[in-house]
Amino acid sequence: MVKSSRDGCNPASRRRFLQTLGCTGMASLLSGSGLFRAEALPRVEQSSADFEEIPASASGISWVHVNGRSPMAHLPETVGAGCAFLDYDNDGWMDIYLVNSGPCDFYQPAQPLRNALYRNNRDGTFTDVTLKAGVPGDAYGMGVAVGDYDGDGFPDLYVTQYPHSILYHNNGDGTFTDVTAKAGVGAPGWATSAVWFDYDNDGRLDLFVCRFVDYSKAKLKFCGDRLSGERFYCIPSIYDPMPCWLFRNNGDGTFTDVSKESGISQSLAKAWGVVAADLNNDGRMDLYVTNDTVPNFLFANRGKGRFEEIGLLAGVGVNAFGKPRSGMGVDAADYDQDGWIDLFEANVDHEMYSLYHNDKNEAFSDLALPTGIGAATRLMSGWGLKFFDYDNDGDLDLLLCNGHPDDSVDKRVEDVKFLEPMLLFHNTGKGFENVSRQSGAIFSKPLSGRGLALGDFDNDGSVDVLISQNNAAPVLLRNNLGRQNHWLGLRLVGTKASIDAIGARITYQSGDLTRHQFKVGGGSYLSSHDPRMVLGLGKRTKIDWLEIQWPQPSGKTERLTDLPVDRYITIVEGQGKWK
Amino acid sequence: MASAAAQASQKAPGPDASSSAHLGISLAVKGRCQEALPILKKAAPHLADKQLKYQAVMSTARCAMSLDQTETAVEVLLVLNREFPHDADVLYSTTHFYSELASRAAQELAATAPTSHQAEQLEAEAFESQENWDRAIAEYKKILEQEPRLAGIHYRIGRILLSKSPADAEGAKAEFNDEVKIAPDNASAEFMLGEVARQSGQWDEAIVHFSRASKLDEGFQEAYLALGMSLNSAGKFSDAITPLRNYVKMQPGDPAGHYQLATAYARTGQKPEAAREMALQRDAAAKSPRSAQTPK
């Protein structure tokens, strides 16, 4: 795409933003941020637990999710909500966004409810700035996807809700503007997870929005005990599936609904989770969508704006018995370092979760059983989850939050609980080891876990965790283990690629350790993550070299040497250096 | 085949059969089964009136049970189920009568051979049906103390160990292995050994056991499916095709067979066959919808 010379100084022009830092004045903005200073929060006290829960009294996060549980057992009540780490004010410190329920046809809160944006005070505490920022939500909130869709350097918020969603544009001054109508991304219906990614390789972030079933107060069905009249939450098999949305970014603050022409809407969904990643290494971002009671989708991006749904034949659509499961949380990462991105899917109790190894050729094998993940998750119901290297040893581990969707399940199903603990699997290099029990008291604590976001809120290189619970307070976990190894944190800034550089591949060598990581879009459940990547080095103190293969449209590879360790750096596409 | 005259006689019974039936039913209602039973047995086969015949045969069954005439009771139950299929009363009575028969046989077993392994096994099975796993295992172990090489007992214990929560897969595996030492032709034990291996992702071991199970019992449908699944999981896609073809012939309505066969075809480059099987999988899955509520 040819751009005029004026584009370089147009704040609305995302692609050229960092090519022209000088004229926009944003170089000073970035250079003044913590990204360059990257000072870690001093540790006042050390905890022996690998993951340590930070109480609300210490963090200042007093906000609580309210689900509005009603005797009618409306399904949205039990599945929300999501959370995010984002640096909304570009100060280099991760802030927090939490999604709440709100008014809709089946729910009128007795007290007003709102989402919450917490600014990171850089001292381990957070301040609620929601009202000033203007991001309270306006319906029954579900999830959040963070992405700088207009490339102005400030992350924007897409908040999924029932019965319509919101796009909040970040004004860059601590406030946001609801631009949903202008952008054309309202997505009427029940939206769940969403992801920003560049599906057409034009360097702009497009938006995929998962849609769950055709739902409204009038369409509520009865599931429960006919004699007593007590309702339970229905398994969604009795509700009709609906198509998901794909919105193409027009580059002028508006989007075009391309769900139909892209082939996305041909597949009727009951979608909870989505991750965007190049699963067949063809340079185009594919989508893996987890569905509940209908087969999962693997939308293979065939180029020219078209997707082909290949989930069943790829081996990720249904279980080994050919039946759909209750696909909820999802993520994608090359956990075994073979150069091909693998997938993970969390399901409901008695279904087991799936670790789908990428066998290349658009085919996957479920390795949940041989890795022990199947046995560990047989009775669990999983939502937010993410691959990440929590101990910075160079291998990608796996963290999951759980909780059954039916709050009466304890009474009715043996061995299954509504509140369930988190799970942590350590990647040993040969497989996964369940290390939950030895990783902190939080892994014994029953939670109604839903959203899970990763983010290094104290900038110490140990990636921390935020869990959003259903009808309860969020859980903020400090990772005490990662900083015991060496690491390098990266902020990638695309210039030809989308500014968030989703789809980038990082390869690095540190002595005998060669590793790569892919920057995927989305993953987890209803949640969004710290956009920075942390590369684990173990006890090695030096990085020999690092290569970045930038996403299309450039697709170029840059190699950097003489890199620091144990701090964050920023790498801008095309500059061949770090800051 | 009955003669035409006999058929005519049965189709047009005389008034005597009807009167006798009424008399027999009346006597049975009053509990006078000794008198009622011979009358009912004689009259019932000649009754044309369906409702009267139903009442007469049901009364015959009740009296036969009360008089301990098991053979007569079983005969008339077979007649009832043949002539009045799907009738709720017949099914209820049948259940009741067979249950009573089972109970009597069990009492007789307990009275005549209380220390026999059959008596112990019956007790163990009763505990098993109540999901009283520990008591059931204890009873089965008593049998093994008496008859260490009795076939089927280690298999039963193994099944229970897998049913417990949490399941004891290693213990179960040991029991199934003991079973196949005693009864090398026990296809079920081989199958369970395969299943234990499959559940822990030990595909090669699973393949060996499922393969043996399907050879020991050529009609063992699940063994073919499990063998095909394990071969697919082990990446032996071309080997999986034959057992999976066998399975889908036996169980064309099971989406699992079609899904696994489609996978095997797809991974061996047979795309049209894969597409065909995947379409069959979709059809089969659509015909077996899940419950709308949390499964109990």
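Read on for a plain summary of the structure. Note that the structure is a prediction, hence the values are computed from the model and not measured. Going along each chain's sequence as written, the residues are numbered from 1 onward. As they are written, the chains are lettered A onward and the ligands numbered 1 onward, keeping that order. The predicted nature of this model means local features are confined to residues of pLDDT at least 70 and side-chain atom pairs, given and counted, to a pLDDT of 80 or more, with totals for whole chains, interfaces and linings taken over all residues. Water and hydrogen atoms play no part in the side-chain values, which are based on all heavy atoms of the structure.

1. Overview of the overall build of chain A
Moving on, step 1. Only DSSP runs of H or I with at least four residues qualify as helices, and only runs of E with at least two residues qualify as strands; both kinds are numbered from the N terminus onward. Counting its regular elements, chain A contains 10 helices and 38 strands.
Moving on, step 2. It is over C-alpha atoms that the radius of gyration is taken, and the globule rule equals 2.2 Å times the number of residues to the power 0.38. Radius of gyration (C-alpha) of chain A: 22 Å, near the 25 Å computed for a compact globule of 579 residues.
Moving on, step 3. With the C-alpha coordinates aligned to their principal axes, the bounding extent of chain A is approximately 70 × 50 × 50 Å.
Moving on, step 4. Across the 579 residues of chain A, 66% fall into the buried class.
Moving on, step 5. Only heavy atoms matter for contacts: two residues are in contact if any of them lie within 4.5 Å across the pair. Looking at chain A alone, contacts between residues at least 24 apart form 61% of all its contacts between residues at least 6 apart.
Moving on, step 6. Each accessible area is a Shrake-Rupley estimate made with a 1.4 Å probe; only the visible protein chains count as cover when residues are assessed. As displayed, chain A has an accessible area near 18,900 Å², and 51% of this comes from carbon and sulfur atoms.
Moving on, step 7. Charged residues are defined narrowly, with Lys and Arg counted positive, Asp and Glu counted negative, and His plus the chain ends left uncounted. A single reference atom marks each charge: NZ on Lys, CZ on Arg, CG on Asp, CD on Glu. Charged side chains in chain A number 55 positive and 74 negative. The centres of these two groups are separated by 3 Å. Exposure is judged per residue with a 1.4 Å probe applied to protein chains only, and the accessible area is read against the type maximum: over 50% gives exposed, under 20% gives buried, and values in between give partly exposed.

2. Section: the packing of helix α15 (residues 255-267) of chain B against helix α16 (residues 271-286) of chain B
Between two packed helices, the angle of one axis relative to the other and the distance separating the axes together describe the packing.
All names here are of chain B.
Moving on, step 1. One can describe the packing of α15 onto α16 by two numbers: an axis separation of 8 Å at closest approach and a directional angle of 160°. Overall, the two elements α15 and α16 adopt an arrangement that is roughly antiparallel. Handedness of the crossing formed by α15 with α16: left-handed. Each of Pro255, His258, Tyr259, Leu261, Ala262, Tyr265 and Ala266 in α15 lies in contact with α16, whose residues at this interface are Glu273, Ala274, Arg276, Glu277, Met278, Leu280, Gln281, Ala284 and Ala285.
Moving on, step 2. Residue polarity follows a fixed list, in which Ala, Val, Leu, Ile, Met, Phe, Trp, Tyr, Cys and Pro are nonpolar, Asp, Glu, Lys and Arg are charged, and the others, Gly among them, are polar. For the contact of α15 with α16, the class distribution of residues is 11 nonpolar, two polar and three charged. Here an angle of 0 to 180 degrees is reported between the N-to-C directions of two axes, which are lines fitted to C-alpha atoms, with helices fitted over the stretch in contact. An angle below 35 degrees is treated as roughly parallel, one above 145 as roughly antiparallel, one from 65 to 115 as roughly perpendicular, and anything else as oblique. Handedness of a helix crossing follows the sense of rotation of the near helix relative to the far helix, less than a right angle counterclockwise being left-handed and clockwise being right-handed.

3. Digging into the state of the cysteines
Moving on, step 1. Throughout, disulfides are identified as pairs of cysteine sulfur atoms within 2.5 Å of each other. Following the criterion strictly, the structure yields two disulfides over all chains and no others.
Moving on, step 2. Here Cys223(A) engages in a disulfide with Cys234(A); their sulfurs sit 1.9 Å apart. Where Cys223(A) bonds to Cys234(A) through sulfur, the torsion about that S-S bond is close to 105°, and the disulfide is right-handed. Of the two residues, Cys223(A) sits in the loop between β11 (206-211) and β12 (242-243) while Cys234(A) sits in the loop between β11 and β12, which places them 11 residues apart along the sequence. Accessibility classification places Cys223(A) together with Cys234(A) in one group, the buried group.
Moving on, step 3. Cys33(B) shares a disulfide with Cys63(B); S-S distance 2.2 Å. As the torsion about the S-S bond is roughly -70°, the Cys33(B)-Cys63(B) disulfide counts as left-handed. Here Cys33(B) is found in helix α3 (residues 33-43), whereas its partner Cys63(B) is found in helix α4 (residues 50-66), with 30 residues between them in sequence.
Moving on, step 4. Overall, the relative accessible area of 9% leaves Cys33(B) in the buried class.
Moving on, step 5. On the basis of relative accessibility, which here comes to 1%, the residue Cys63(B) falls in the buried class.
Moving on, step 6. Counting only cysteine sulfurs, Cys401(A) is the nearest neighbor of Cys83(A), a cysteine outside any disulfide, at a range of 7.9 Å.
Moving on, step 7. Given the relative accessible area of 0%, Cys83(A) is considered buried.

4. Let's talk about the interface of chain B and chain A
Moving on, step 1. Contacts between the two partners involve 28 residues from chain B, matched on the other side by 36 residues from chain A.
Moving on, step 2. Buried surface area refers to the total accessible area, computed with a probe of radius 1.4 Å, that the two partners give up upon joining, counted for both partners together. In total, chain B and chain A occlude about 2,500 Å² of area from one another, counting both sides; carbon and sulfur atoms represent 54% of this.
Moving on, step 3. Salt bridge criterion: a side-chain nitrogen from Lys or Arg within 4 Å of a carboxyl oxygen from Asp or Glu. Linking chain B with chain A are one salt bridge, by the criterion used here.
Moving on, step 4. With its nearest N and O atoms 3.2 Å apart, the salt bridge here joins Asp359(A) to Arg267(B).
Moving on, step 5. Identification of polar contacts relies on pairs of N or O atoms within 3.5 Å, with a donor-acceptor requirement for protein atoms, meaning one able to donate a hydrogen and the other able to accept it, and with residues adjacent in sequence counted only if both atoms are side-chain atoms. At the junction of chain B and chain A, the tally comes to seven residue pairs in polar contact (both at pLDDT 80 or more).

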